[in-house]
Amino acid sequence: MTPTAAAKTPLDLPVDGTELATYVAAKLCHDFISPSGAIVSGLDLMRDPAAQDMRDDALSLIEQSAKKMVALVHFARVAFGAATTSERFTAAELRSLVLAMTEGGRASLDWRITEGEFSKPQARALTNLAYLTVGALPMGGNAVIQTRIDGEALFIEGFAEGARARLKPEAVTGLAGERLTDGLAGQWIQPYWLWLTVVQAGGVLRTIVEEGRVALVARMPL
């Protein structure tokens, strides 16, 4: 057998493809149901003769929910599949996706990536890592997202700093690449998906949880 013919050793994953697909589909349905339900509620109000005084509120609800739905769709296409015609993504494009998903929350996003392009796996890792970093600050704080190049590796780093910075147990399990045995699958699948994205690209994901600080660091090939 020639050296060039040798294949990579398959990863021994705790979740197979079919099961993984059901978890991802369930998460996306859960994310989409809230804004889509709000749009329906707004339309119902507009059709109700007894609620015409709430027409402006209904229009505002529909507008906000439609924007949220569009943001979810654009984010999901990159974060869960990168099923677009683009083979590479700019830092500005990825910042826009993450910002649309996190605006309105208590945490502030400090995006320190001003230039560069990212492959589909790198973009998938960056968007998920950034989202999870902001999500680690439910009571507010500062989420720093940055990248750096060291040799032949790209480091994608997220640092969440705040008084109540934390990760749920399900997220810690997912970020370690472990199967969920207890807790909510919806809180586990995106962290696990991030770990899987990084590992399948030949990288390593590190998670550090300290008092008032959470760090997520992905090392991926250039």
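As a reminder, the structure under discussion sits directly above these lines.
The following paragraphs examine the structure supplied in this document. (Residues numbered from 1 in each chain as written. Predicted model: local features only at pLDDT ≥ 70, side-chain atom pairs only at ≥ 80, totals over all residues. Heavy atoms only, no water.)

1. Considering the pattern of salt bridges
Pairing is possible between side chains that carry opposite charge, provided their charged atoms lie close to one another.
Here comes step 1: Considering all chains together, one arrives at 10 salt bridges under this definition.
Here comes step 2: Note that K67 and E63 form a salt bridge whose closest N and O atoms lie 3.5 Å from each other. With a gap of four residues between them, K67 and E63 both fall in helix α2 (residues 55–79), about one helical turn apart.
Here comes step 3: When its relative accessible area of 45% is taken as the criterion, E63 is described as partly exposed.
Here comes step 4: Of the charged contacts in the structure, one is a salt bridge between K120 and E87, with a shortest N-O distance of 3.9 Å. Remark: E87 occurs in the loop between α2 and β1 (88–90) and K120 occurs in helix α4 (residues 120–135); sequence separation between them is 33 residues.
Here comes step 5: In this structure K120 comes out as buried when scored by relative accessible area, which is 18%.
Here comes step 6: The exposed category is assigned to E87, whose relative accessible area is 55%.
Here comes step 7: Among the ionic contacts, a cluster of salt bridges with common partners joins E161, E210 and R213. (Salt bridge = Lys/Arg side-chain N within 4 Å of Asp/Glu carboxyl O. Helix = DSSP H or I, 4+ residues; strand = E, 2+ residues; numbered from the N terminus. Buried < 20%, exposed > 50% of the residue type's maximum accessible area, 1.4 Å probe, protein only.)

2. Observations regarding the sheet that holds strand β6 (residues 204–210)
Here comes step 1: With mixed pairing, five strands are arranged side by side in an open sheet as β2-β4-β5-β7-β6. Edge positions in the sheet fall to β2 (107–111) and β6, since each of these pairs with one other strand and no more. Shown here is a sheet whose adjacent strand axes are inclined to one another by a mean of 15°, direction ignored.
Here comes step 2: As paired elements, strand β5 (residues 153–161) and strand β7 (residues 213–221) share nine bridges and run antiparallel to each other. Bridged to F155 within β7 is R219.
Here comes step 3: Contacting β2, β4 (141–150), β5, β6 and β7, α4 crosses the sheet at an angle of about 15° to β5. (Pairing = 2+ DSSP bridges. Axes fitted to C-alpha atoms, helices over the stretch in contact; angles between N-to-C directions. Contact = heavy atoms within 4.5 Å.)

3. A word on the packing of aromatic side chains
Here comes step 1: Using the criterion set out here, one finds five aromatic pairs in the structure.
Here comes step 2: Ring geometry for Y23 against W188: centres 5.1 Å apart, planes inclined by 70°, an arrangement best described as edge-to-face. Of this pair, Y23 sits in helix α1 (residues 17–47) while W188 sits in helix α6 (residues 185–200), and the two are 165 residues apart along the sequence.
Here comes step 3: Here F75 and Y131 contribute two aromatic rings whose centre-to-centre distance is 5.5 Å and whose plane-to-plane angle is 45°, an arrangement assigned as tilted. (Phe/Tyr/Trp six-rings, centres within 6.5 Å; stacked < 30°, edge-to-face > 60°.)

4. Some remarks on the packing of α4 against α6
Here comes step 1: The geometry of α4 relative to α6 is characterised by a closest axis approach of 9 Å and an angle of 150° between their N-to-C directions. Looking at the two axes, α4 sits roughly antiparallel to α6. Remark: the crossing between α4 and α6 carries left-handed chirality. Contacts from P121, R124, A125, N128, L129, Y131 and L132 of α4 reach α6 at Q190, P191, W193, L194, T197 and V198.
Here comes step 2: Looking at the contact of α4 with α6, its residues break down into nine nonpolar, three polar and one charged. (Parallel < 35°, antiparallel > 145°, perpendicular 65-115°, else oblique. Left-handed = near helix turned anticlockwise from the far one by under 90°. Nonpolar A, V, L, I, M, F, W, Y, C, P; charged D, E, K, R; others polar.)

5. Observations regarding the environment of D110
Here comes step 1: Relative to the helices and strands, D110 resides in strand β2.
Here comes step 2: We classify D110 as partly exposed; its relative accessible area is 23%.
Here comes step 3: Between the alpha carbons of D110 and V134 there is a distance of 9.7 Å; along the sequence they are 24 residues apart.
Here comes step 4: Once residues lying within four places of it in the same chain are set aside, the contact partners of D110 are N142, A143, V144 and I145.

6. So, the side chain of T127
Here comes step 1: Mapped onto the fold, T127 is located in helix α4.
Here comes step 2: Looking at T127, the relative accessible area reads 0%, which means it is buried.
Here comes step 3: A distance of 2.9 Å separates a polar side-chain atom of T127 from the backbone oxygen of A123.
Here comes step 4: If sequence neighbours within four positions are ignored, T127 has contacts with F75, V78, A79, L94, L97 and V98. (Polar contact = N/O pair within 3.5 Å; in protein donor to acceptor, adjacent residues only side chain to side chain.)

7. Brief notes about helix α3 (residues 91–102)
Here comes step 1: Taking 1.5 Å per residue as the helical rise, α3 with its 12 residues ought to reach 16 Å, and the 16 Å between its terminal C-alpha atoms agrees with that figure.
Here comes step 2: Those residues of α3 that are buried are in contact with α2, β1, β2, β3 (117–119) and α4. (Expected span 1.5 Å × (residues − 1).)

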